[in-house]
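These are the residues of each chain, in order.
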Amino acid sequence: MYVKFFRCFGCDATYLPEEVESLQIMRCEKCGSALDAEYDYESIKKEIISDSFRRDTPTHWKYWPFLPVSDLSSLVTLGEGATPLLEHPAITQTIGAADLYFKYEAQNPTGSFKDRGSSLEITKALELGKNKVVVASTGNMGSSIAAYAAFSNMECVVFVADVAADVKVAQMRAHGADVRMVDDDYCIAMNEAENYVRNNNDSFLTGDYPWRCEGTKTVGFEILDQLYWKVPDYVIAPIGNGTLLWSLYEAFRDMVGVGMTERIPRIIGVQAEGCNCVVQAWEDSTQSIEPIDDPITVATAIACGDPIDGLAALKAMRESDGLGVSVNDDEILAARNELARHGILVEPSGAVSYAGALKVKDELVEQTAVCIATGHGLKDMQGF
Ligand SMILES: *Cc1c(COP(=O)(O)O)cnc(C)c1O
């Protein structure tokens, strides 16, 4: 494993990988903020800088040196990653971009990019000898963890926020998860999951904690790889808990770190108007994020009023010279419908990046941009 240590976003405290592994709730013990992994790039360089690394087909576990695993013989995989990078000429033209790609994450085993993080989290849970996992979810996280847990003969408890689409809950039940409906928003579901792990020593907490962030980086690696290591000008993604946005930044930073690329693309974070606390902080140039109570949006997968990785997402936008954008429900559904009419089916949250792209069209003229199409349309067909 090439992780040197984890650093706290809030207070800069550092933790060794084994210290992080022994935390019940993987956040800074001193200030409660999220933790960020730092790698030994010099050693990774020796491992990956070869023709075969450039040539090998982009898939999730191809990038194992950038993931915190020690035993490659016990990886848990359902074939996550290796998702297509799609371009539709009419859409590219609408925006006026040189190229506008969609990283179609719907093609993951359970229909969203969550599978990248789940693959790593369940691998870590097994590595640490656990056979029961617990998670809070607005739908996709729970259905993903439920599948990977079932595949590994682990028990799975999901605390589900009230916004979750029925199909996502059915997905969890199909995989045999113990589904506990929380009659409230995601923040409350998260508290319940954290309380559960405190009271059940044999369980392992999954969700937007450090392992997931590391696992999600592979979406960024694949984008660079699929563009033959030519760095796009912009990458556009929705913000729910902010984990995806931060993982993208980390991925681009890692590849600069090992010398595969020379710069980080500008990262555009997009939130729904009913739940835009990170974008608010970006617009107001503040250092803290004001949580939103009971967020409401048609994009249920990003209805997180107090994002765990909100500060990290803000940092990703700021340090990459990016942007924060809000879009309303009408704009989200219009973007989703347009994608569907061009053959790209996503759930409302999966169209948030494109709705954001339409909003900042002027920025994208003659540029190369990649929108993350995060989740499958069949999971939530409202309005069709
Ligand atoms: C989880 C999710 C998001 C938001 O990702 P975060 O990492 O929470 O910011 C967006 N779209 C879909 C479909 C998701 O499942």
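Residues numbered from 1 in each chain as written. Predicted model: local features only at pLDDT ≥ 70, side-chain atom pairs only at ≥ 80, totals over all residues. Heavy atoms only, no water.

### Some words on the sheet that holds strand β2 (residues 14-15)
The pairing of strands in a sheet happens through backbone hydrogen bonds and is either parallel or antiparallel.
Here is step 1 of the chain: A sheet is described by the order of its strands in space; here three strands give the open sequence β2-β1-β3, paired in antiparallel fashion. What marks the edges here is a single partner per strand, and that holds for β2 and β3 (35-39).
Here is step 2 of the chain: With five bridges connecting them, strand β1 (residues 3-8) and β3 associate as antiparallel partners. Along β3, the bridge assignment pairs Phe6 with Ala37. (Pairing = 2+ DSSP bridges. Helix = DSSP H or I, 4+ residues; strand = E, 2+ residues; numbered from the N terminus.)

### A few points about the environment of Pro232
Here is step 1 of the chain: Residue placement: Pro232 occurs in the loop between α10 (218-226) and β10 (234-238).
Here is step 2 of the chain: The buried category is assigned to Pro232, whose relative accessible area is 1%.
Here is step 3 of the chain: Along the chain, Pro232 and Ala369 lie 137 residues apart, while their C-alpha atoms are 5.8 Å from each other.
Here is step 4 of the chain: Here Pro232 is in contact with Ile223, Leu224, Leu227, Arg263, Pro265, Thr368 and Val370, once residues within four sequence places are set aside. (Buried < 20%, exposed > 50% of the residue type's maximum accessible area, 1.4 Å probe, protein only. Contact = heavy atoms within 4.5 Å.)

### Remarks on the pattern of salt bridges
Side-chain pairs of opposite charge can arise where the charged atoms are in close proximity.
Here is step 1 of the chain: Under the criterion given, the structure shown has 20 salt bridges.
Here is step 2 of the chain: Salt-bridge contacts for Arg116 lead to Glu222; the nearest nitrogen and oxygen are separated by 3.0 Å. Taken together, the residues span a long stretch of sequence, with Arg116 in helix α5 (residues 114-127) and Glu222 in helix α10 at a distance of 106 residues.
Here is step 3 of the chain: Between Asp233 and Arg263 there is a salt bridge, and its shortest N-O distance comes to 3.7 Å. (Salt bridge = Lys/Arg side-chain N within 4 Å of Asp/Glu carboxyl O.)

### Regarding the domain arrangement of the chain
Here is step 1 of the chain: Domain assignment breaks the chain into domain 1 (85-111 + 212-379) and domain 2 (114-208).
Here is step 2 of the chain: Listed as interface residues are 28 residues of domain 1 and, on the opposing side, 26 residues of domain 2.
Here is step 3 of the chain: When the two sides are added together, the surface that domain 1 and domain 2 hide from each other amounts to roughly 2,200 Å², 47% of it contributed by carbon and sulfur.
Here is step 4 of the chain: Residue Glu105 is joined to Arg116 by a salt bridge in which the shortest nitrogen-to-oxygen separation is 2.7 Å.
Here is step 5 of the chain: Summed over the shared surface of domain 1 and domain 2, the number is 18 residue pairs in polar contact (both at pLDDT 80 or more).
Here is step 6 of the chain: When residues in the side of domain 1 that touches domain 2 are grouped by element, the largest group, four residues, is from helix α9 (residues 210-216).
Here is step 7 of the chain: A class-by-class count of the residues in the side of domain 1 that touches domain 2 yields eight nonpolar, 10 polar and 10 charged. (Domains from an automatic or database assignment. Buried area = accessible area lost by both parts, 1.4 Å probe. Polar contact = N/O pair within 3.5 Å; in protein donor to acceptor, adjacent residues only side chain to side chain. Nonpolar A, V, L, I, M, F, W, Y, C, P; charged D, E, K, R; others polar.)

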